[in-house]
Amino acid sequence: MAVIVALGAFLMTLAGGWTAQRVTDRRHLVLGLAGGLMLGVVGLDLLPEALEAAGDEVFGVPAALLLFVAGFLVAHVVERLLAVRHAAHGAGNGSGHGHGEAIAGGRTPQVGLTAAAAMVGHSLADGVALGAAFQVGGGMGTAVALAVITHDFADGFNTYTLTSVYGNDRRKAVLMLFADALAPVVGAASTLLFTLPKEPLGAYLGFFGGALLYLAAAEILPEAHHRHPALSTLLCTVAGVAGIWLVVGIAE
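A short tour of the structure in this document, coming up. (Residues numbered from 1 in each chain as written. Predicted model: local features only at pLDDT ≥ 70, side-chain atom pairs only at ≥ 80, totals over all residues. Heavy atoms only, no water.)

1. Examining the overall build of the chain
This is how it is decided: The helix and strand labels rest on DSSP assignments: H or I over at least four residues marks a helix, E over at least two residues marks a strand, and numbering proceeds from the N terminus. Burial classes follow relative accessibility: with a 1.4 Å probe on protein chains only, a residue under 20% of its type's maximum area counts as buried, one over 50% as exposed, and anything between as partly exposed. With residues, only the protein chains shown are counted as cover, and all accessible areas are computed by Shrake-Rupley using a 1.4 Å probe.
Along its length, the chain carries eight helices and two strands. Along the chain direction, N to C, the helices and strands of the chain fall in the order α-α-β-β-α-α-α-α-α-α. Out of the 252 residues in the chain, the part that is buried amounts to 45%. Accessible surface, the chain as shown: approximately 11,900 Å² in total, 71% of it carbon and sulfur.

2. Digging into a nonpolar patch on the surface
Keep this limit in mind: Without a salt bridge and with relative accessible area above 30%, a residue can belong to a patch; like charges are then joined within 9 Å and nonpolar side chains (Val, Leu, Ile, Met, Phe, Trp, Tyr) within 5 Å. For salt bridges, the criterion is a side-chain nitrogen of Lys or Arg within 4 Å of an Asp or Glu carboxyl oxygen.
Taken together, V58, F59, V61 and L66 make up a surface patch of nonpolar side chains, about 400 Å² in accessible area. With respect to the element layout, V58 can be found in strand β1 (residues 57–58). On the basis of relative accessibility, which here comes to 39%, the residue V58 falls in the partly exposed class.

3. Brief notes about the packing of helix α1 (residues 2–22) against helix α6 (residues 170–190)
The cut-off we apply is this: A fitted line through C-alpha atoms represents every axis, and for helices the fit uses only the stretch in contact; the resulting angles, taken between N-to-C directions, go from 0 to 180 degrees. Any angle between 65 and 115 degrees counts as roughly perpendicular, while under 35 counts as roughly parallel, over 145 as roughly antiparallel, and the rest as oblique. For any pair of crossing helices, the crossing counts as left-handed if the nearer helix is rotated counterclockwise from the farther one by less than a right angle, and right-handed if it is rotated clockwise. Here, residues are in contact when the closest pair of their heavy atoms is within 4.5 Å. Classes in brief: Ala, Val, Leu, Ile, Met, Phe, Trp, Tyr, Cys and Pro nonpolar; Asp, Glu, Lys and Arg charged; the others, Gly included, polar.
At a minimum axis distance of 8 Å, the contact between α1 and α6 shows a crossing angle of 160 degrees. The orientation of α1 with respect to α6, classified from their angle, is roughly antiparallel. Crossing handedness for the pair α1 and α6: right-handed. Contacts between α1 and α6 pair A2, V3, A6, L7, A9, F10, T13, L14, G17, W18 and Q21 from the former with R170, L177, F178, D180, A181, L182, P184, V185, A188 and A189 from the latter. Broken down by class, the residue content of the contact of α1 with α6 amounts to 16 nonpolar, three polar and two charged.

4. So, the nonpolar core
Short version of the rule: Residues grouped as a nonpolar core are buried Ala, Val, Leu, Ile, Met, Phe, Trp, Tyr and Cys residues, joined through side-chain atoms within 4.5 Å.
Counting residues in each nonpolar core, the largest one holds 37 residues, and the members touching the most others are M38, L46, L162, L212, L215 and I220. Here I220 is in contact with L31, A34, G35, M38, L162, V165 and L215, once residues within four sequence places are set aside. Counting eleven residues, the second-largest nonpolar core is a separate cluster that includes A2, V5, F10 and L177.

5. Considering the packing of aromatic side chains
Counted only if it meets this: Each aromatic pair joins two rings of Phe, Tyr and Trp (for Trp, the six-membered one) with centres within 6.5 Å, and gets the label stacked for planes under 30 degrees apart, edge-to-face for over 60, and tilted for any other angle.
Overall, the coordinates contain one aromatic pair when judged by the stated rule. Judged by centre distance (5.2 Å) and plane angle (90 degrees), the ring pair of F72 and Y214 falls under edge-to-face. Taken together, the residues F72 in helix α3 (residues 63–92) and Y214 in helix α7 (residues 198–226) connect sequence positions 142 residues apart. Judged by relative accessible area, F72 falls into the partly exposed class, the value being 28%. A relative accessible area of 5% places Y214 in the buried class.

6. Some points on the environment of F157
Structurally, F157 can be placed in helix α5 (residues 138–165). Along the sequence, F157 and Q21 sit 136 residues apart, while their C-alpha atoms lie 8.4 Å from each other. Excluding anything up to four places from it in sequence, F157 contacts G16, G17, T19, A20, V30, L33, A34 and L37.

7. Remarks on the side chain of D155
Inspection of the secondary structure puts D155 in helix α5. Dropping the residues within four chain positions of it, D155 is found in contact with M119, H122, S123, D126 and D180.

8. Notes on unusual backbone geometry
With phi around 50 degrees, F59 is a residue other than glycine that occupies positive phi space. Following the sequence through the fold, F59 ends up in the loop between β1 and β2 (61–62). For F59, a relative accessible area of 86% corresponds to the exposed category.

9. Here we look at the side chain of T159
To keep things clear, this is the line we draw: Each polar contact in these results corresponds to two N or O atoms within 3.5 Å; when the atoms are within protein, one needs to be able to donate a hydrogen and the other to accept it, and residues that are neighboring in sequence are counted only if both atoms are side-chain atoms.
Take T159: it is sitting in helix α5. You can call T159 buried: its relative accessible area is 0%. A polar side-chain atom of T159 sits 2.8 Å from the main-chain carbonyl oxygen of D155. Apart from residues no more than four positions distant in its own chain, T159 is found in contact with A116, M119, M176, L177 and D180.

10. A short note on the environment of L205
Relative to the assigned elements, L205 resides in helix α7. Distance in space between the C-alpha atoms of L205 and P48 is 9.3 Å, their sequence separation being 157 residues.

11. Remarks on α6
Short version of the rule: To estimate the expected span of a helix, count its residues, drop one, and scale the result by 1.5 Å. To get the bend at any residue, fit one axis to the seven residues that end at it and another to the seven that begin at it, then take the angle between the two axes.
Its 21 residues give α6 an end-to-end C-alpha distance of 30 Å, which sits within 8% of 30 Å, the value for a rise of 1.5 Å per residue. L182 marks where α6 bends most, by close to 30 degrees; the proline P184 follows one to four residues later. Looking only at α6, the buried set comprises A173, M176, L177, D180, A181, A183, P184, V185, G187, A188 and S190.

Spelled out as structure tokens, the structure:
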């Protein structure tokens, strides 16, 4: 049953990526919506789950929050190191941003691929959680299935957007989208062999939430408002957060 539900998540993820691809003529609106979806997923879905699952405090601070901050910092450090590396490589060859793999708007394509890979990891964890929930009981499985299927649309949307906004070509964006779509199916099937303990899953969710928040706040939203500081872009961001809130509320 969990694998069958995961196939529904597969289709929803592809639908989200297809939507992001089709509205590229409204790129600022796509980025505004993606930023809102990412913010909503982090604040209303990932972080509450991480706080519930990660367990003990470390020096008076919940472990999930420490990992959340660590995820934010690691994303920042990786993004800066890759940017410096590419800048030095371009300068050393006397060709600036035109040398080798393009840097779109000063952004390094590897950051987009790394972020998309993290989204794939998150979808894999969703599949594991789905399989584990069905092992607990049908009611729990149904609740988790609803949450996974509905927010996988946002996952697909964000995976395609993150890959393409950093200058990766359409082929790479589509490949990452398909990997993200397959991940919950693989995760659900894996629970036939083992079950992931609760604490490591909570730790992962905290760390991933911090990294995702960095990308939303420091990269996606500023890019959305840079060329088009319009009210419509802001409304798309608010709508993204509200949409995730609705999904979380229905799932509960």
